[in-house]
Amino acid sequence: MNKKHIFQITAVAFALAILSSCSADFIDLQDPNAVAASTFYRNENDVLLGVNGIYQSLRSGNNIGETSALFNEERSDNAGRNDNQSNAGEPFQFNDFSLLPSNTYLKRHWLALYETIARANQVLEGIEKVTFTDAQLKGQYQAEAKFLRALMYFELVRKWGDVPLVTKTLNTTDEVTASTFREKKETVYQQIVADLKDVVASPLPNLPNAANKGRVSKSAGNALLGKVYLTMATTLDAANRSTNLNQAKASLLAAYNMRSFGRLREIPYADVFDVSKKTTNPEAIFQIVNKQGDPVYSSSIARNNQARGETINSQFKSTGSGTNVQPDLVKAYEKGDVRKDFSVKYADDPIVKDYFITKFRDNSAAAGTNGYGGNDWVLLRYADVILMLAEVNLYLGDNTAAIGYLDQVRERVGLPLYETAKSDPAYAAKFPTLKLAVLHERRVELAFENQRWFDLLRFFTNDELAKFFQSKSQADYGIAKLSNFGPKDRYYPIPFDENKLNPERMYQNPGY
């Protein structure tokens, strides 16, 4: 996203804050400092502002921004916290598997995802009121809105299962009431697929140029569609498994064939997270752009992950422990894996004495002692696509192709290729099957990028996932209790305030 787009976001945040109309039962008063949805969209620039407003909503940690690890990494076996007291203990509930429907963090996450959906719906309706001189530009804006709506529903359906499906603006209380029910997850997936099919058939460019980093492209559409099909194949009915796997393969290959490089080894691992190379990094497919040194649009992830007494992440002087890394993950790295030294470090400060995340760094003078970093938050990248191609080919019975993709990722970081690695007794004992080898590679390659929890949901059934967690060493997991994990924990509880609106139509997930 270029500088112009970043500052336009500020303006649109005010414009979109009041786009919801009131019911006709209320007195019709027009706020002189606000613009109603019915009159906001008048020209092409208004649509651009509306689209930028959707992007802007992603930045929040309550949404899928860089500080949203609570809802993903801390739900998995990668990260967590050994503090069960702060903020009434609510953050601790996520990795302790003691999550309550009344959890306020959970509620804010749900609302933030639906806020983005509402903005996308407003744009898709408002765009039809504008006469475009360039039909392709209209198609691009529509595709961006549909991609972002699909991305939000993909987050929702994987975390909650059946969820309300809203694809239009809701302008009256009757419309809200009529839409307040949980749609079956299969129908939600159909909508996600429909939106993403429109994205890949749109006039969007295959890849964004440097000036448009942070905007949706066809490569992003294909990569996300491939991930959606792969998730459907592994988590929905078995009758459509083969069809969904083949669709996943086709979409992932389409994204892969749009890349601007050859093999992954051409891009050093550290370069993927190098702030100075983020606009030229060919591995990134879709990212949330941050502006180094800016108090509002900078990244805080390096500062937030910094442990007391350390300077590797940021010039910011931390007084805390950063983001705790589970010893279970630290032990999962193979000997000689450069990703371990790049991603985690042990803080020897007497107050900390723990591992913290070092994967996202900006200790530059431009970021300064306030830690106003320039890290972009990468949501889709090619190593993810390549490992999904390994996964889908594995499921389709083509082990040779699966190993070829797996080896691309291992090759980049100087690890032995799979056929050599599996002859190592230690590796073979930990990862006795190709499936577990692929899951392991995704874990260490994509650690702390909010992928691990969703990977576990794809690779294991409910009962298998419960056994997986309960087989781990409690000593490698901190004070959060692994024994709490059960089949109910595959999904989050429906937030209490949503459930009480209509307990029958907004029914609670089992076990809560």
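Note: the structure precedes this text.
Remember, it's a predicted structure, so these values are computed and weren't measured experimentally.

## Some details on the overall build of the chain
1) Next: When you go through the chain residue by residue, the secondary structure sums to 21 helices and 6 strands.
2) Next: A compact globule built from 512 residues should have a C-alpha radius of gyration of about 24 Å, and the chain, at 23 Å, falls within 12% of that.
3) Next: C-alpha extents for the chain along the principal axes are approximately 70 × 55 × 45 Å.
4) Next: Considering the chain as a whole, with its 512 residues, one finds that 56% of them fall into the buried category.
5) Next: Sequence-distant contacts in the chain: of pairs separated by 6 or more residues, those separated by 24 or more amount to 70%.
6) Next: Looking at the chain as shown, the accessible area adds up to about 20,600 Å², and 52% of this sits on carbon and sulfur atoms.
7) Next: Averaging the locations of the 60 positively and 59 negatively charged side chains of the chain gives two centres separated by 2 Å.

## Remarks on the packing of helix H19 (residues 452-459) against helix H20 (residues 462-470)
1) Next: One way to put it is that H19 packs onto H20 with a least axis distance of 8 Å and a crossing angle of 125°. Between H19 and H20, the interaxial angle falls into the category oblique. Here Arg452, Trp453, Leu456, Leu457 and Phe459 of H19 come into contact with H20, specifically with Glu464, Leu465, Phe468 and Phe469.
2) Next: Broken down by class, the residue content of the contact of H19 with H20 amounts to 7 nonpolar, no polar and 2 charged.

## Here we look at the environment of asparagine 499
1) Next: Mapped onto the elements of the fold, asparagine 499 is located in helix H21 (residues 496-499).
2) Next: Through-space distance from the C-alpha of asparagine 499 to that of leucine 204 is 39 Å; in sequence the pair is 295 residues apart.
3) Next: Setting aside anything within four residues of it in sequence, one finds asparagine 499 in contact with Ile494, Met506, Tyr507 and Gln508.

## Remarks on the side chain of serine 314
1) Next: Here serine 314 shows up in the loop between helix H11 (301-305) and strand E3 (324-325).
2) Next: On the accessibility criterion, serine 314 (1% relative accessible area) is buried.
3) Next: A polar contact is formed between the side chain of serine 314 and the backbone nitrogen of phenylalanine 316, at a distance of 3.0 Å.
4) Next: Aside from chain neighbours lying at most four places away, what touches serine 314 is Ala302, Arg303, Gln306, Asp362, Asn363, Gly368 and Gly371.

## Notes on the nonpolar core
Nonpolar side chains in soluble globular proteins tend to end up buried together.
1) Next: Among the nonpolar cores identified, the biggest contains 134 residues, and Phe147, Ile192, Phe286 and Phe469 are the most heavily contacted of them.
2) Next: Element by element, the count of residues in this core is highest for helix H6 (residues 135-160), at 13 residues.
3) Next: With residues near it in sequence (within four places) discarded, phenylalanine 147 still touches Leu196, Val199, Val216, Ala220, Gly221, Leu224, Phe286 and Leu380.

## Regarding helix H18 (residues 434-445)
1) Next: Its 12 residues give H18 an end-to-end C-alpha distance of 16 Å, which sits within 8% of 16 Å, the value for a rise of 1.5 Å per residue.
2) Next: Of all 12 residues making up H18, 10 are buried, and the element is well covered by its neighbours.
3) Next: Every buried residue of H18 is accounted for by Leu434, Ala437, Val438, Leu439, His440, Glu441, Arg442, Arg443, Val444 and Glu445.

## Quick look at the packing of aromatic side chains
1) Next: Taken as a whole, this structure holds 28 aromatic pairs when the rule is applied.
2) Next: Note on phenylalanine 97 and phenylalanine 469: the rings are 5.2 Å apart at their centroids and 70° apart in plane angle, and the pair reads as edge-to-face. Placement of the pair is phenylalanine 97 in the loop between helix H4 (92-96) and helix H5 (104-126) and phenylalanine 469 in helix H20, with a sequence separation of 372 residues.
3) Next: The class of phenylalanine 97 is buried, set by a relative accessible area of 2%.
4) Next: A relative accessible area of 0% means that phenylalanine 469 is categorised as buried.
5) Next: For the ring pair phenylalanine 469 and phenylalanine 485, a centre distance of 4.5 Å and an interplane angle of 25° mean the geometry is stacked. With phenylalanine 469 in helix H20 and phenylalanine 485 in the loop between H20 and H21, the pair connects residues that are 16 residues apart, well separated along the chain.

## A short note on the pairing of strand E6 (residues 377-381)
On a regular strand, each side chain points to the face opposite its neighbour's, so the side chains alternate between the two faces of the sheet.
1) Next: Of all the 5 residues making up E6, 5 are buried; the element is thus mostly covered by neighbouring parts of the structure.
2) Next: Inspection of the sheet shows strand E2 (residues 284-288) paired to E6 by 4 bridges, in the antiparallel sense. Note on E6: the bridge partner recorded for glutamine 287 is valine 378.

## Concerning the pattern of salt bridges
1) Next: Counted under the stated rule, the structure contains 44 salt bridges.
2) Next: Measuring nitrogen to oxygen at the nearest pair gives 3.1 Å for the salt bridge that ties aspartate 271 to lysine 277.
3) Next: Its relative accessible area of 32% is what places lysine 277 among the partly exposed residues.
4) Next: Within this structure, Glu283, Glu334, Asp337, Arg339, Lys359, Arg381, Arg410, Arg412, Glu441, Glu445 and Glu449 form a network of salt bridges that share partners.

## Digging into the pairing of strand E5 (residues 354-357)
1) Next: Pairing between strand E4 (residues 344-347) and E5: 4 bridges, direction antiparallel. In the strand pairing of E5, tyrosine 346 is matched with tyrosine 355.
2) Next: Taking the residues that link successive antiparallel strands as the turn, the E4-E5 hairpin has 6 residues, and the phi of lysine 353 there is positive, at about 50°.

## Focus: the side chain of arginine 339
1) Next: Here arginine 339 is to be found in helix H13 (residues 338-343).
2) Next: Taking relative accessible area as the criterion, arginine 339 reaches 0% and is therefore assigned buried.
3) Next: Here glutamate 445 takes part through its side chain, which lies 2.9 Å from a polar atom of the side chain of arginine 339.
4) Next: Other than its neighbours up to four places away in sequence, arginine 339 contacts Tyr269, Tyr333, Val409, Val413, Leu415, Glu441, Val444 and Glu445.

## Examining the packing of helix H9 (residues 218-235) against helix H10 (residues 241-256)
1) Next: Look at H9 against H10: their axes get within 7 Å of each other, and the N-to-C directions meet at 160°. When the axes of H9 and H10 are compared, the pair comes out roughly antiparallel. Relative to H10, the crossing made by H9 is left-handed. Judged by residue contacts, Ser219, Asn222, Ala223, Leu225, Gly226, Lys227, Tyr229, Leu230, Met232, Ala233 and Thr234 of H9 engage Arg241, Asn244, Leu245, Gln247, Ala248, Ser251, Leu252, Ala254 and Ala255 from H10.
2) Next: Its residues assigned to classes, the contact of H9 with H10 comprises 11 nonpolar, 7 polar and 2 charged.

## Section: the environment of glycine 226
1) Next: Mapped onto the elements of the fold, glycine 226 is located in helix H9.
2) Next: Glycine 226 gets classed as buried once you look at its relative accessible area, which sits at 0%.
3) Next: With 22 residues separating them along the chain, glycine 226 and alanine 248 place their C-alpha atoms 4.2 Å apart.
4) Next: Discounting chain neighbours no more than four positions away, the residues touching glycine 226 are Ala248, Ser251 and Leu252.

Reading the values: the criteria
Residues numbered from 1 in each chain as written. Predicted model: local features only at pLDDT ≥ 70, side-chain atom pairs only at ≥ 80, totals over all residues. Heavy atoms only, no water. Helix = DSSP H or I, 4+ residues; strand = E, 2+ residues; numbered from the N terminus. Rg over C-alpha atoms; globule rule 2.2 N^0.38 Å. Buried < 20%, exposed > 50% of the residue type's maximum accessible area, 1.4 Å probe, protein only. Contact = heavy atoms within 4.5 Å. Areas by Shrake-Rupley, 256 points an atom, 1.4 Å probe, with all protein chains shown as cover. Lys, Arg positive; Asp, Glu negative; His and termini not counted. Charge placed at Lys NZ, Arg CZ, Asp CG, Glu CD. Axes fitted to C-alpha atoms, helices over the stretch in contact; angles between N-to-C directions. Parallel < 35°, antiparallel > 145°, perpendicular 65-115°, else oblique. Nonpolar A, V, L, I, M, F, W, Y, C, P; charged D, E, K, R; others polar. Polar contact = N/O pair within 3.5 Å; in protein donor to acceptor, adjacent residues only side chain to side chain. Core = buried A, V, L, I, M, F, W, Y, C linked by side-chain atoms within 4.5 Å. Expected span 1.5 Å × (residues − 1). Phe/Tyr/Trp six-rings, centres within 6.5 Å; stacked < 30°, edge-to-face > 60°. Pairing = 2+ DSSP bridges. Salt bridge = Lys/Arg side-chain N within 4 Å of Asp/Glu carboxyl O. Left-handed = near helix turned anticlockwise from the far one by under 90°.

Geometric descriptors of this kind do not, in isolation, establish any biological role.
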